[in-house]
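Inside the fold
Spelled out from the first residue to the last, the chains are:
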Amino acid sequence: MEGASTLVRIYKTFQALVRSASVIDLAAGLAAILALRTTIQAIRKKFRTTKLRGPKSSSLLFGVGKELSRSPDTGAMFEAWSKEYGVAYAIPMICGQKRIILCDPKAIAYLFPKDTWSYVGIPGHKASQARTIGKGLIWAEEESHRRQRRSIGPSFNSTAVRKSIPAIHKTVDKVKVAWEASIDVNQGRSVVLDVQKWMNFVSLDSFGIAGFSYDFGSLDGKPNAMISVLDTLGAPSSQNVWDNSVFLLALVFPIVLNVPTSRGKILAKLRARLSEICDVIIDEAVKEKERASDDKTSTINLLLKAEGEGSSQRITREEVLAQMRILFIASYETTSITMTWALLELARHPDIQTKLREELLSFGGEPSYDQLTTGFPYLDAVVQETLRIHPAAPDFIRQADEDDVIPLSEPVQTASGEVVDSIAIERGTVIGISISCVNCSEAIWGPDAKIFRPERWLEADGVTRKAQEVKGYRHLLTFGDGPRSCIGKLFAIAEIKMLLAVLVKNFVLEMRDGPDTKVEMVMGIILRPKIAGEDVIKVPLRIRQYKG
């Protein structure tokens, strides 16, 4: 790989020298260039992507792309293919493209640290991100990514999150008060509440206050333009064939995004509205900054500071807006969905809920950040198991920006029948990692991998040896890993734990229609849970006061 790049540099230098040479020298130079080019081609040939086995295409144009886009459980599809073809295999995608799928902890641990440099976002995704959110942190690569991440990193470290705990607790306490009021109005009897809606409100309000010194007032019932925008943005995707086809083709041909679609028009309007709201928040933050009455390490202040930095570290106003858009969307979507799943799993498993409540009731008062982190082992286990079973982002897709060789922990059979313990990756090859597959793989986590069982995190051998090879946070890929790992994971975990600590201690959660209630998955920005039979994305649970 390095040899090829070195020869390319020599080749370019040699071409420059040839331009200034005589006719005789030129002939000799051309011969040398020809020889050099032959050498380069030979080296490149050695690094052509290994041809792997994999499922057959079900569509001449889309490969298995439509099946994946329509599936509520892509992890199960990837795991089934892994059992048949091994820990690395190829799937047919749009217009005959092949995508290499990695289900191997060793290969994944090799790839993640090279993200944003040797492996980058695919052009179609990047073009879509730039249009919808802007050229912020999830769009950026290499030095731009490092610069943007550095600008807001201090607002998400453990020190900053520790300072945010009172704000998070205050927000969660509003939910407790509101639920108690609903039960009181119903003369002390249980009530049915859409917990997904409440989790959306908690996520937005707590992050708005902690990160941007801005109270959206969702939990106070205030009219809220941000909620309206985010709800529309995250609404279930239309099954319009034209829109879906354009989306899939854009993964290979980004220019297709210029083709008018109903979804594209909605997203353009929403981006403009989201930017208007963010501008208001910025104006408020500037006024607070002038009064010197706010936290200098809050996300908004760090963004404003970076906007005023020198040229090498400065981020632009558009980058500030892009960061704000993605942070609000991530908070509203990923954190709220994880909290919703946690409440769902506790409602589906009364024994686990009771065990968690007993632990929480043994502690009096408002827990600190350190206590939330290490003082409640079963709470920690419940949160970890929720993150394992229900990752907010189901997959990770990157494109090789240089030739590479990826090692494997176990050999695989190639399309030609050869058995290899590493795979050659040519520049431009698309790599996919199914987070939901790896997190719940029976080959990695054992025969009970699909079962919600928090005890595995407390048992000596509960996390299998194979799972310990996964290098993500706590051996999970839910937050990714490497340079692009989730910057807000500590805040998200603290918020989820605080929410469960308050609600489970004070309420009993039950499935409205009994323990066998079916839960479906619906795609918005990402997959959200939905109780079967509901017309919209709702998760109604029966809530009653815990009375000891």
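Residues numbered from 1 in each chain as written. Predicted model: local features only at pLDDT ≥ 70, side-chain atom pairs only at ≥ 80, totals over all residues. Heavy atoms only, no water.

1. Description of the overall build of the chain
Within the chain, the secondary structure is distributed over 20 helices and twelve strands. For the chain, with 548 residues in total, the buried portion stands at 52%. Of all intrachain contacts in the chain linking residues separated by at least 6 positions in sequence, the fraction that spans at least 24 positions is 73%. On the chain, roughly 24500 Å² of surface is accessible, and the fraction owed to carbon and sulfur atoms is 56%. (Helix = DSSP H or I, 4+ residues; strand = E, 2+ residues; numbered from the N terminus. Buried < 20%, exposed > 50% of the residue type's maximum accessible area, 1.4 Å probe, protein only. Contact = heavy atoms within 4.5 Å. Areas by Shrake-Rupley, 256 points an atom, 1.4 Å probe, with all protein chains shown as cover.)

2. Observations concerning the side chain of Ser 206
Inspection of the secondary structure puts Ser 206 in helix 9 (residues 195-212). Using a relative accessible area of 0% as the deciding quantity, one classes Ser 206 as buried. From its side chain, Ser 206 meets the backbone oxygen of Val 202 in a polar contact 2.8 Å long. (Polar contact = N/O pair within 3.5 Å; in protein donor to acceptor, adjacent residues only side chain to side chain.)

3. A short note on the side chain of Asp 448
With respect to the helices and strands, Asp 448 occurs in the loop between helix 19 (442-445) and helix 20 (489-506). Classification of Asp 448 by relative accessible area gives buried; the value is 19%. Once residues within four sequence positions are removed from consideration, Asp 448 is found in contact with Arg 388, Arg 453 and Arg 456.

4. Description of the sheet that holds strand 9 (residues 507-511)
In space, the three strands of this open sheet follow the order 4-12-9, with antiparallel pairing throughout. Each of the sheet's edge strands pairs with one partner strand only, and the pair in question is strand 4 (191-194) and strand 9. Adjacent strand axes in the sheet meet at a mean angle of 40°, parallel and antiparallel pairs treated alike. Examined bridge by bridge, strand 4 and strand 12 (residues 540-545) share four bridges and lie antiparallel to one another. Note on strand 12: the bridge partner recorded for Val 191 is Ile 543. Along the sheet, helix 14 (residues 317-348) makes contact with strand 9 and strand 12, crossing strand 9 at roughly 80°. Against the sheet, helix 20 engages strand 9 and strand 12, with an angle of about 90° to strand 9. (Pairing = 2+ DSSP bridges. Axes fitted to C-alpha atoms, helices over the stretch in contact; angles between N-to-C directions.)

5. A look at the nonpolar core
Counting 127 residues, the largest nonpolar core has Leu 102, Trp 179, Met 324, Phe 328, Ile 423 and Leu 500 as its most contacted members. The element best represented in this core is helix 14, accounting for 16 residues. Residues contacting Leu 102, with those up to four places away along its chain left out, are Val 87, Ala 88, Ala 107, Ile 108, Leu 111, Ile 406, Ile 423, Ile 431, Gly 432, Ile 433 and Ser 434. Among the nonpolar cores identified, the runner-up in size contains twelve residues, and Phe 78, Trp 81, Tyr 85 and Tyr 89 belong to it. (Core = buried A, V, L, I, M, F, W, Y, C linked by side-chain atoms within 4.5 Å.)

6. Focus: the environment of Pro 454
Along the chain, the position of Pro 454 falls in the loop between helix 19 and helix 20. Judged by its relative accessible area of 0%, Pro 454 is buried.

7. Thoughts on the packing of aromatic side chains
Taken as a whole and judged by the stated rule, the model has 17 aromatic pairs. Residues Trp 81 and Tyr 89 carry aromatic rings whose centres are separated by 6.4 Å and whose planes lie at 75° to one another, so their mutual orientation is edge-to-face. A relative accessible area of 13% places Trp 81 in the buried class. Centre to centre, the rings of Trp 445 and Trp 457 are 5.7 Å apart; their planes meet at 50°, and the pair counts as tilted. One end of the pair, Trp 445, is in helix 19; the other, Trp 457, is in the loop between helix 19 and helix 20, with twelve residues separating them in the sequence. The class of Trp 457 is buried, set by a relative accessible area of 14%. (Phe/Tyr/Trp six-rings, centres within 6.5 Å; stacked < 30°, edge-to-face > 60°.)

8. Let's talk about the packing of helix 8 (residues 158-185) against helix 9
Two elements in contact, helix 8 and helix 9, have axes separated by 9 Å at closest approach and are oriented at 150°. The pairing of helix 8 with helix 9 is recorded here as roughly antiparallel in orientation. Like other packed secondary-structure pairs, helix 8 and helix 9 cross with a definite hand, here right-handed. Counting all contacts with helix 8, which are made through Ser 164, Ala 167, Ile 168, Thr 171, Val 172, Val 175, Ala 178 and Trp 179, the residues of helix 9 involved are Val 195, Trp 198, Val 202, Asp 205, Ser 206, Ile 209 and Ala 210. Of the residues in the contact of helix 8 with helix 9, the class split is eleven nonpolar, three polar and one charged. (Parallel < 35°, antiparallel > 145°, perpendicular 65-115°, else oblique. Left-handed = near helix turned anticlockwise from the far one by under 90°. Nonpolar A, V, L, I, M, F, W, Y, C, P; charged D, E, K, R; others polar.)

9. Remarks on the layout of surface pockets
The gaps of empty space that remain are located by a probe, the size of a water molecule, rolled over the atoms. The space that makes up the second largest pocket amounts to roughly 630 Å³. Around the second largest pocket, the lining comprises 26 residues; the ones closest to its centre are Pro 72, Asp 73, Ile 389, His 390 and Met 521. The set of elements that each furnish at least two residues to the lining of the second largest pocket consists of helix 4 (74-85), helix 14, helix 18 (435-439) and strand 10 (519-523). Looking at the lining of the second largest pocket residue by residue, the class counts come to 15 nonpolar, five polar and six charged. (1 Å grid on protein atoms, 1.4 Å probe; cavity = no way out; pocket = protein on both sides within 12 Å on 5 of 7 lines; lining within 4 Å. Points joined across faces, edges and corners; volume = space filled by probe spheres on them.)

10. Overview of the pattern of salt bridges
Close approach of charged atoms allows side chains with opposite charge to pair. What the rule picks out here adds up to 34 salt bridges. Glu 318 is paired through a salt bridge with Arg 271; the nearest N and O atoms lie 3.1 Å apart. With Glu 318 in helix 14 and Arg 271 in helix 12 (residues 262-291), this pair connects stretches of sequence that are 47 residues apart. Judged by its relative accessible area of 33%, Glu 318 falls in the partly exposed class. Across the pair Arg 453 and Glu 459 runs a salt bridge whose closest N-O atoms are separated by 2.9 Å. (Salt bridge = Lys/Arg side-chain N within 4 Å of Asp/Glu carboxyl O.)

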